[in-house]
Amino acid sequence: MAEYDYDVLVIGSGPGGYVAAIRAAQLGLKTACAESRETLGGTCLNVGCIPSKAMLHASEYFEAAAGGAMAKLGVEVTPKLNLGAMHGQRLDAVKQLTGGIEYLFKKNKVTWVKGLAKFQNAHTVDVGGQTVTAKNVVIATGSSVTPLPGVEVDNSKGVVVDSTGALELASVPKKMVVIGGGVIGLELGSVWRRLGSEVTVVEFLDQLLPGMDGEVRKEAAKLFKKQGMDLRLSTKVTGVTVKGKKATLTLEPSAGGASETLEADCVLVSIGRRPNTEGLGLEAIGLELNKRGQIETDPDFRTKVDGVWAIGDVIPGPMLAHKAEDEGIAVAENIAGQTGIVNHAVIPSVVYTMPEIAGVGLTEEQAKEAGHEVKIGKFPMLANSRAKTNHEPDGFVKVVADAKTDRVLGVWIIASVAGTMIAQAAQAMEFGATSEDIAYTCHAHPTHSEALKEAAMAVQGKPIHI
Ligand code: FAD
Ligand code: NAI
């Protein structure tokens, strides 16, 4: 009889966990995945990437019709919002994609053990009352919303909500206040602004989107303001009180000072996410967390406890689905005795607003801080023929290259299709490209991607179209 029920037990079926489980099974390992939700796919498929993009996509069409962008193209329509149908297509996307993971589990013979997992010891896990043993256990429990002390979220009432509540509001709030000008606040704030809400974003720092390139952050703030968002930078929320269907927020300057109040029909709390480790029984296996509450691993995703591995949002690094997925593949390959590697220096990030905002590698500031002498090449989307033709003039491409070696250190893009364009930059960087390599690569015309070529040419000092 086998010593363990499974070769691999993955805890959590988000983009990290489900990908790890499938790859482990593909490599011939007997694999199970513990998931406590009713559906597979984790945060990303159920309440994150997918439903938010469904609402962003639909609301963008609504705004294009209502705001006159379609009329400009000669398509005259009188739009009427059917919010129920909009939510319906969101739920449909979630149902199809989470069902797709269930199908992939069956196809690859991954057993879904339903329930909450808790370690008994490093190889024995209680999953909703069932004991499961495994030679290797991968922790892929993801993250959840960071609460704001003194602010109580109640998604069922729809007044003070987190991202999950903000995806499913039953009506368009007249006034919405977003606490936190990060990715979630700007994406979901954009959804409701497009559908008619007056949106105010309260951000603690002096700029939106921490972690992004400084010029991109400034330009993004300009564009969101132009779109009608009220941005309250360097401001903190000190309290929220709710009376019936109305909320009153108390704000003050981040550095301290006179407070003021703001009324809202809906408050979105989006100040970050924190790793899910509570209730996992980590004390039973002697696994400690770092100061940020994360599980530390070595580059192969091994924790300090033999046979226990960890990936995704629960470990350090950007909390992104594709980062979790790549770690899922790598951890399974490492468990199988292969060499699974993730290059954490080249992980793109994308904000799916209009225009999209994307980046990969180092910001100009980070490159300088790391001691690089840098050369910068910039190209405005206004001078890109396709963007101009499509009436998408906002944004630019910025290439950060090392002045001595010309190697590309980072690429930052604001453009309608920045999320698609950034893949090319990531691939170039993965192959160690110089800006000259990109500048001399033939790009199809007319495409938005030509702006990346021209920004690379600008590093060389000779773009054609500006
Ligand atoms: P998760 O997806 O969080 O999955 C963890 C799973 O583990 C969950 O299903 C949970 O139920 C389960 N679990 C936890 N504890 C236990 C336990 N003890 N027993 C059993 N099961 C357990 N990222 C992007 O890259 N692009 C985007 O566009 C994007 N949009 C987002 C939009 C929103 C609104 C949010 C909230 C997040 C978004 N993200 C996006 C982030 C992305 O969702 C996460 O980075 C990603 O889901 C992390 O994957 P994971 O596998 O580590 O964990
Ligand atoms: P975030 O870290 O992106 O932004 C949080 C913002 O809140 C920061 O700008 C921070 O300075 C600010 N903040 C913190 N405390 C505050 C306070 N008290 N008052 C005012 N502002 C405050 O976190 P967010 O937006 O909640 O998203 C969580 C994670 O989910 C992101 O880090 C990202 O990795 C992931 N995500 C990714 C998406 C994508 O890839 N498109 C979309 C949505 C989420």
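As recorded by an unreviewed UniProt entry, the chain carries the name Dihydrolipoyl dehydrogenase and is attributed to Croceibacterium selenioxidans. Listed under Catalytic activity (unreviewed entry) in UniProt, the entry text for the chain is "N(6)-[(R)-dihydrolipoyl]-L-lysyl-[protein] + NAD(+) = N(6)-[(R)-lipoyl]-L-lysyl-[protein] + NADH + H(+)". UniProt, in the comment section headed Sequence similarities (unreviewed entry), describes the chain in these words: "Belongs to the class-I pyridine nucleotide-disulfide oxidoreductase family."

A.B. asks: Explain the state of the cysteines here, please?
C.D. replies: Disulfide: a covalent bond connecting the sulfur atoms of a pair of cysteines. Enumeration according to the criterion identifies one disulfide in this entry. Residue Cys44 pairs covalently with Cys49 via a disulfide, S to S 2.4 Å. An S-S torsion of about -130° defines the bridge between Cys44 and Cys49 as left-handed.

A.B. asks: How should the site of ligand 1 be read in this particular structure?
C.D. replies: Near ligand 1 you find 38 residues, and of these Glu35, Thr43, Lys53, Ala117 and Ala321 are the closest. Between ligand 1 and the protein, one listed contact pairs an oxygen atom with a side-chain N or O atom of Arg37 at 3.0 Å. At 2.8 Å from an oxygen atom of ligand 1 is found a main-chain nitrogen or oxygen belonging to Ala321. Considering ligand 1 on its own, with 1000 Å² of exposed area, one finds that the protein chains cover 93% of that surface. Every element with two or more residues in the shell around ligand 1 is listed here: helix H1 (15-26), strand S2 (31-35), helix H2 (42-47), helix H3 (49-66) and helix H10 (321-335).

A.B. asks: I keep staring at the pattern of salt bridges and nothing clicks. Help me out?
C.D. replies: Should the charged atoms of two oppositely charged side chains come close, the side chains can pair. The tally for this structure, following the rule as stated, stands at 19 salt bridges. Close ionic contact of Glu198 with Lys174 constitutes a salt bridge, the shortest N to O distance being 3.4 Å. Placement of Glu198 in strand S10 (residues 198-202) and of Lys174 in the loop between helix H6 (163-167) and strand S9 (175-179) is noted, with a sequence separation of 24 residues between them. By relative accessible area, Glu198 is classed as partly exposed at 43%. Residues Asp213 and Lys398 are paired through a salt bridge, measuring 2.9 Å at the closest nitrogen-oxygen approach. Remark: Lys398 occurs in strand S21 (residues 396-402) and Asp213 occurs in the loop between S10 and helix H8 (214-226); sequence separation between them is 185 residues.

A.B. asks: What should I look at first to understand the site of ligand 2 in this one?
C.D. replies: Ile184, Glu187, Glu203, Met319 and Val350 are the nearest of the 22 residues found near ligand 2. Within the backbone of Ile184, an N or O atom sits 2.9 Å from an oxygen atom of ligand 2. A distance of 2.9 Å separates an oxygen atom of ligand 2 from a polar atom in the backbone of Gly272. Within the complex, the protein chains bury 79% of what would otherwise be the 840 Å² of accessible surface of ligand 2. Top element by residues in the shell around ligand 2 is helix H7 (residues 183-194). It accounts for three residues. Of the residues in the shell around ligand 2, the class split is 13 nonpolar, five polar and four charged.

What counts and how
- Residues numbered from 1 in each chain as written.
- Chains lettered and ligands numbered in written order.
- Predicted model: local features only at pLDDT ≥ 70, side-chain atom pairs only at ≥ 80, totals over all residues.
- Heavy atoms only, no water.
- UniProt positions renumbered as here; feature names shortened; annotations may be inferred.
- Disulfide = S-S within 2.5 Å.
- Near = heavy atom within 4 Å.
- Polar contact = N/O pair within 3.5 Å; in protein donor to acceptor, adjacent residues only side chain to side chain.
- Areas by Shrake-Rupley, 256 points an atom, 1.4 Å probe, with all protein chains shown as cover.
- Helix = DSSP H or I, 4+ residues; strand = E, 2+ residues; numbered from the N terminus.
- Salt bridge = Lys/Arg side-chain N within 4 Å of Asp/Glu carboxyl O.
- Buried < 20%, exposed > 50% of the residue type's maximum accessible area, 1.4 Å probe, protein only.
- Nonpolar A, V, L, I, M, F, W, Y, C, P; charged D, E, K, R; others polar.

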